[in-house]
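These are the residues of each chain, in order.
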Amino acid sequence: MPDLRTDILVIGAGPAGATAARYAAAKGAKVTVIERRSEVGVPVRCGEMMPSNEEIANMFRNAGDLASLFDLPKDLRLREIIGIKLIDPKGKEKVLDFTGYTTDRDRFDKYLISQAEKEGAELITGCLFKKIENGKAATTLGEIEYKVIIGADGPGSKVAKALGLPKNKDPYPAVTAQAAGDFEPYVKMFFGGIAPGAYGWIIPKKGQANVGIGFSPKFADGTLSEYFERFRAKHDLNVTTRLEGKFVPSEGMLSRVTEGNGMLVGDSAGQVISVNGGGLPLALIAGRVCGEVAADNVTNGRSLTEYQDECVRIFRKPLRTAANNKKLADMLAFGSDRRTEICMGILGVRRMGNLIRCKRIFP
Ligand SMILES: Cc1cc2nc3c(=O)[nH]c(=O)nc-3n(C[C@H](O)[C@H](O)[C@H](O)COP(=O)(O)OP(=O)(O)OC[C@H]3O[C@@H](n4cnc5c(N)ncnc54)[C@H](O)[C@@H]3O)c2cc1C
């Protein structure tokens, strides 16, 4: 690759980077996306569950128009979800009405980047961002000159570090795989010692399910693969793929997501619901704002801090509530199966629903 010059350089072709690139390119900016993987979306490290637009609007009232943002082709909506079964350590279920759908994350990511390419963004795969040197991005394929750099490079963001922005504190590890079989149209979340400090999940797809667990290292006394193996055996899951893992930001949005001519979006900005690990809707919502503000910055000098302000308007309250709820759960509900069981009993379905939807659990 010859050394490049671009208006907006996006690091990472995940959902956040692809969406930022799409909306920046749609406004006429010259956009380049670099992605360290050789194939976008592979391997899948995600539960692949998306809430419905109604659920997203209920969580993030200031998110703007969702219909066009989440307008996915039908074949990317694999299975409609009609509820969540919240299962305590003794196996007792509470059923929460909750609508959503599941997708194939590899095809989902490829679709999003194809939308950006359609708008004119250029994608370069197999290209790793290393650092910022003399105002240019140093990558494994050479230097890239830019006017705005967008860090969409996930939870351990190198761009955040290069810009001197805060990093995600205490992210928790999670692993996932596919299991063959027929599963009912409910997401199942298993709480207690099976996945201490987080939960195990079975998320139905077509003829298979996405299965996995997350845990908080401070409550665990083994490796994540050991916990996953126990979870797999307990539920007799016919796992057909390799186990893949990644970190999940756990403390809500970073206090600052812009610095100079740099911006962070998606997991790199901590835009994840800490109480359940959901980040896909946020990556798209923030990606749109990020891309539009970046393009306006290049064409008419709009300040990048307007992106920060908009993120605060959309995410601060719900993500802070989710992070506070997570802290409460860490203090009161995790640590022993008995405590988890008692807390789930006290909360009941309605308050557990509030927990999942980033709302206060007590008035
Ligand atoms: C096990 C697991 C299950 C999950 N399940 C769900 C779920 O069911 N629903 C949900 O909503 N959310 C879920 N999440 C969270 C969701 O996956 C993330 O919030 C989402 O992927 C964030 O998108 P992103 O674009 O910010 O980051 P990513 O998807 O992590 O994309 C970052 C991209 O940047 C690339 N990259 C990284 N560093 C560099 C570099 N230096 N140079 C170039 N490229 C780089 C990476 O290869 C990657 O393609 C889950 C997370 C985990 C770990």
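None of these values were measured; they are calculated from a predicted model.

Here we come to the sheet that holds strand β9 (residues 136-139). Across the sheet, which stays open at both edges, the 4 strands sit in the order β1-β10-β9-β8 with mixed pairing between neighbours. One side of each edge strand has no neighbouring strand; the edge strands of this open sheet are β1 (4-5) and β8 (129-133). Bridging between β8 and β9 involves 4 bridges; their strand directions are antiparallel. Within the sheet, the bridge partner assigned to Glu133 lies in β9 and is Lys136.

Over its 14 residues, helix α3 (residues 105-118) extends 20 Å from the first C-alpha to the last, a length consistent with the 20 Å expected when each residue adds 1.5 Å. All buried positions along α3 are accounted for by Arg105, Phe108, Asp109, Tyr111, Leu112, Ile113, Gln115 and Ala116. The inward-facing, buried residues of α3 abut α1 (15-26), β3 (31-35), β4 (49-51), β7 (122-125) and α6 (280-300). Downstream of α3 by one or two residues, Gly120 has phi in the positive range, about 110°.

Taken domain by domain, the chain consists of domain 1 (4-71 + 104-169 + 250-322) and domain 2 (78-103 + 173-247 + 336-356). Its C-alpha centre places domain 1 at a distance of 27 Å from the equivalent point of domain 2. If you look at the interface, domain 1 gives 20 residues, while domain 2 gives 23 residues. For the pair domain 1 and domain 2, the summed buried area comes to about 1,900 Å², and 54% of that belongs to carbon and sulfur atoms. Three residues stand out in domain 1 for area buried against domain 2, namely Arg45, Glu48 and Met49, and they jointly supply 28% of the buried area on that side. Between the two partners, domain 1 and domain 2, sit 4 salt bridges. Between Glu48 and Lys205 there is a salt bridge, with its nearest N and O atoms 2.9 Å apart. Our count for the contact surface shared by domain 1 and domain 2 stands at 14 residue pairs in polar contact (both at pLDDT 80 or more). The set of elements that each furnish at least two residues to the side of domain 1 that touches domain 2 consists of β4, α2 (53-59) and α3. Looking at the side of domain 1 that touches domain 2, its residues break down into 10 nonpolar, 3 polar and 7 charged.

It is worth spelling out the sheet that holds strand β2 (residues 8-11) at this point. With mixed pairing, the 6 strands of this open sheet are ordered in space as β7-β3-β2-β11-β19-β18. The sheet is open, and its two borders are formed by β7 and β18 (258-259), each paired with just one other strand. Here β2 runs beside β3; their pairing, made up of 4 bridges, is parallel. Residue pairing in the sheet places Val10 in a bridge with Val33 of β3. The sheet contacts of α6 involve β2, β11 (148-151) and β19 (262-264), and relative to β11 the element is tilted by about 170°.

Taken together, 32 residues lie near the ligand, and Glu35, Gly47, Met49, Lys246 and Asp267 sit nearest. Between the ligand and Glu35 there is a distance of 2.6 Å, counted from an oxygen atom to a side-chain nitrogen or oxygen. Within the backbone of Arg36, an N or O atom sits 3.1 Å from a nitrogen atom of the ligand. Across the complex, the protein chains shield 94% of the 990 Å² of accessible surface that the ligand would expose by itself. Counting only elements with at least two residues in the shell around the ligand, the list comes to α1, β3, β17 (244-248) and α6. Taken together, the residues of the shell around the ligand break down into 15 nonpolar, 8 polar and 9 charged.

Reading the values: rules and limits
- Residues numbered from 1 in each chain as written.
- Predicted model: local features only at pLDDT ≥ 70, side-chain atom pairs only at ≥ 80, totals over all residues.
- Heavy atoms only, no water.
- Pairing = 2+ DSSP bridges.
- Helix = DSSP H or I, 4+ residues; strand = E, 2+ residues; numbered from the N terminus.
- Expected span 1.5 Å × (residues − 1).
- Buried < 20%, exposed > 50% of the residue type's maximum accessible area, 1.4 Å probe, protein only.
- Contact = heavy atoms within 4.5 Å.
- Domains from an automatic or database assignment.
- Buried area = accessible area lost by both parts, 1.4 Å probe.
- Salt bridge = Lys/Arg side-chain N within 4 Å of Asp/Glu carboxyl O.
- Polar contact = N/O pair within 3.5 Å; in protein donor to acceptor, adjacent residues only side chain to side chain.
- Nonpolar A, V, L, I, M, F, W, Y, C, P; charged D, E, K, R; others polar.
- Axes fitted to C-alpha atoms, helices over the stretch in contact; angles between N-to-C directions.
- Near = heavy atom within 4 Å.
- Areas by Shrake-Rupley, 256 points an atom, 1.4 Å probe, with all protein chains shown as cover.

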